[in-house]
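Structural features, examined
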Amino acid sequence: MAVTKAPPHPRDTGEELRPQSPPASSPAPSRAPDAEARRLDSPLALTLLMLLVVLCQGPIRAALGAPVMQSWMTVFVAVLVQALPFLVLGVLLSAAIAVFVPPSFFARALPSNPVLAVPVAGVAGAVLPGCECASVPVAGALVRRGVTPAAALAFLLSAPAVNPIVLTATAVAFPRNPEMVVARLVGSLLVACAMGWLWLRLGRADLIKAPARHAYEGQGKGAAFWGSVRHDVVHAGGFLVVGAMAAATLKAVVPQTWLRTAAENPVIAVLALAGLAVVLSICSEADAFVAASLTQFSLTARLTFLVVGPMIDLKLFAMQTGTFGRAFALRFAPATLALAIVGSVLTGWVLL
């Protein structure tokens, strides 16, 4: 039988073991000159900006000292200082609910009858603090776990509008008009339940796509909580600043005759503040302070601002599109806006 010999080891042949040299590689490409220029231009631009501010501090100081700017800054800071504590508290509580309360809890708590599940879900939104940024993913989780879409939509509309944090903020913003708290609670609940029943009657199951899993599901509780807090603070805080700036501009810059003209016509006043609520997209924990600053308008018009804003605005439309699909959002948003305007006007006519 033939025996196959193994090849001799280099040590046996007297050859030295030399490490193999790595294959020649092409030289690393040099950094693009325009990228390097951009990197170097950033500190230069900041330096030039600071130098410009120093050189123009006289005109800037004079502009900030003008009565209009002082009035603008007063309203802007007042809205921020009043609203910020409620915003932070609402974000913390909504993040805690989204992370530590399992969505299956809501599915077990709701009645099996869809007609009864709609008002129960609306009332559940009234006792659970959270802003509209948190209500959309929670509603998506409810639909994903088999809750009837009509009940999930009622929860989506009521939770950011009538929870304890929002109602407390409304009471602080309207200390001389406590009826605004009751009107906001009643009007928002009526609209949420009406929209849920309307979707139960006319909505089609194929219009709602299956929501994707929440971005923080599968993470640890601590990481998910702080991730949710960071997300909501950045988004809600940014919209709060925009809303405070808009309120200050309306108060200090826009001619008062324009505002009085719009406020004197009840129909125009309601439509104007409804459109303003959609465009500003203020977090529900802070919108009461913006509404309270619009003293030219009637309480009913400001109630419309408070009912419409937490239910449909630009950021909510984008979130609903991403969660449930464009076909759903294009039908749900206009119907919600129309019902919110009608419901707030009827509630204001009765209670205000």
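This section reports on the structure supplied with the text. Along every chain, residues carry numbers that run from 1 in the direction the sequence is written. Selection of residues for local features in this predicted model requires a pLDDT of at least 70, selection of side-chain atom pairs for listing and counting requires 80 or more, and totals for whole chains, interfaces and linings are taken over all residues. Hydrogen atoms and water are omitted, and side-chain values are computed over all heavy atoms in the structure.

Strands are runs of DSSP state E lasting at least 2 residues, helices are runs of H or I lasting at least 4, and numbering of each runs from the N terminus. From N to C terminus, the chain includes 16 helices and 0 strands. Between buried and exposed lies partly exposed: a residue is buried under 20% and exposed over 50% of the maximum accessible area for its type, with that area taken using a 1.4 Å probe on protein chains only. Out of the 352 residues in the chain, the part that is buried amounts to 41%. Should any heavy atoms of two residues lie within 4.5 Å, those residues are counted as being in contact. When contacts within the chain are restricted to residue pairs at least 6 apart in sequence, those whose partners lie at least 24 apart make up 82%. Each accessible area value is a Shrake-Rupley result obtained with a 1.4 Å probe; residue values ignore everything except the protein chains displayed when judging cover. With the model as given, the accessible surface of the chain reaches about 18,800 Å², and the carbon-plus-sulfur share is 70%.

On the surface, Val182, Val186, Leu190, Trp349, Val350, Leu351 and Leu352 cluster together into a nonpolar patch covering about 690 Å² of accessible area. Its place among the elements puts valine 186 in helix H9 (residues 179-202). Exposure above 30% relative accessible area and no salt bridge define the residues that can form patches, which grow by joining like charges within 9 Å and nonpolar side chains of Val, Leu, Ile, Met, Phe, Trp and Tyr within 5 Å. Whenever Lys or Arg places a side-chain nitrogen within 4 Å of a carboxyl oxygen from Asp or Glu, that contact is recorded as a salt bridge.

What follows is about the packing of H9 against helix H16 (residues 326-351). For every element, the axis is a line fit to its C-alpha atoms; helices are fit only across the contacting stretch, and the angle between N-to-C directions ranges from 0 to 180 degrees. For the pair H9 and H16, interaxial distance at closest approach is 8 Å and the crossing angle is 140 degrees. The orientation of H9 with respect to H16, classified from their angle, is oblique. H16 is crossed by H9, and the crossing has right-handed handedness. Taken together, the residues of H16 that come into contact with H9 (itself represented by Glu179, Val182, Ala183, Val186, Gly187, Leu190, Val191, Ala194, Met195, Leu198 and Trp199) are Phe328, Phe332, Ala335, Thr336, Leu339, Ala340, Gly343, Thr347 and Leu351. Each angle gets one of four labels, with under 35 degrees taken as roughly parallel, over 145 as roughly antiparallel, 65 to 115 as roughly perpendicular, and the rest as oblique. Handedness of a helix crossing follows the sense of rotation of the near helix relative to the far helix, less than a right angle counterclockwise being left-handed and clockwise being right-handed.

Turning to the packing of helix H5 (residues 114-127) against helix H7 (residues 149-162), a few remarks are in order. With their axes 7 Å apart at the nearest point, H5 and H7 run at an angle of 25 degrees to one another. Judged by the inter-axis angle, H5 sits roughly parallel to H7. Between H5 and H7 lies a crossing whose hand is right-handed. Residues Ala117, Val118, Ala121, Gly122, Ala124, Gly125 and Ala126 of H5 form the contact with H7, whose participating residues are Ala150, Ala151, Ala154, Phe155, Ser158, Ala159 and Val162.

A few words now on the packing of aromatic side chains. Pairing of aromatic rings covers Phe, Tyr and the six-membered ring of Trp, with a centre-to-centre limit of 6.5 Å; geometry is then stacked below 30 degrees between planes, edge-to-face above 60, and tilted otherwise. In this structure the tally under the stated criterion is 4 aromatic pairs. Joined through ring pairs, the aromatic side chains of Trp199, Phe324, Phe328 and Phe332 make up one cluster.

Side-chain atoms within 4.5 Å are what join buried Ala, Val, Leu, Ile, Met, Phe, Trp, Tyr and Cys residues into a set we call a nonpolar core. Within the largest apolar cluster, 68 residues are counted, with the highest numbers of intra-cluster contacts made by Phe174, Phe297, Phe305 and Val308. In contact with phenylalanine 297, other than residues within four places in its own chain, are Leu259, Ala262, Ala263, Ala269, Leu273 and Arg302.

Let us look at the pattern of salt bridges. Applying the stated criterion to the full structure yields 1 salt bridge. One salt bridge connects arginine 184 with aspartate 287, and the closest N-O pair in it is separated by 2.8 Å. Linking arginine 184 in helix H9 with aspartate 287 in helix H13 (residues 287-293), this pair joins segments that are 103 residues apart in sequence. Of the two residues, arginine 184 and aspartate 287, neither departs from the other in class, the shared state being buried.

A word on empty space enclosed by the protein. Lining residues are those with an atom within 4 Å of a point, where the points come from a 1 Å grid over the protein atoms alone and group into cavities, where a 1.4 Å probe fits but cannot get out, or pockets, open sets with protein on both sides within 12 Å along at least five of seven lines. Grid points are joined across faces, edges and corners, and a volume is the space filled by probe spheres set on the points. Across all of its chains, the model carries 2 cavities of 30 Å³ or more by this definition. Reported here for the second largest cavity is a volume of approximately 50 Å³. Around the second largest cavity sit Ala277, Leu280, Ser281, Ile282, Asp287, Phe305, Gly309, Pro310 and Asp313, which together line it. Under the grouping applied here, Gly and all other residues not named as nonpolar or charged are polar, the nonpolar ones being Ala, Val, Leu, Ile, Met, Phe, Trp, Tyr, Cys and Pro and the charged ones Asp, Glu, Lys and Arg. Class assignment for the residues of the lining of the second largest cavity results in 5 nonpolar, 2 polar and 2 charged.

For the rest of this paragraph, the subject is H5. Every α-helix carries 3.6 residues per turn, so stepping three or four residues along brings you back to the same face. Any helix carries an expected span of 1.5 Å times its number of residues minus one. Taking 1.5 Å of rise per residue, the 14 residues of H5 would be expected to cover 20 Å, and the 20 Å separating its terminal C-alpha atoms lies within 8% of that figure. Inspection of H5 places Ala117, Val118, Ala121, Gly122, Gly125 and Ala126 among the buried residues, and these make up the whole buried set. Looking at the buried residues of H5, the elements they touch are H7, helix H8 (164-173) and H9. Polar contact criterion, stated in full: a pair of N or O atoms within 3.5 Å, where within protein one must be able to donate a hydrogen and the other to accept it, and residues adjacent in sequence count only if both atoms are side-chain atoms. Put simply, asparagine 113 is the residue that caps the front of H5, since its side-chain oxygen is 3.0 Å from the backbone nitrogen of valine 115.

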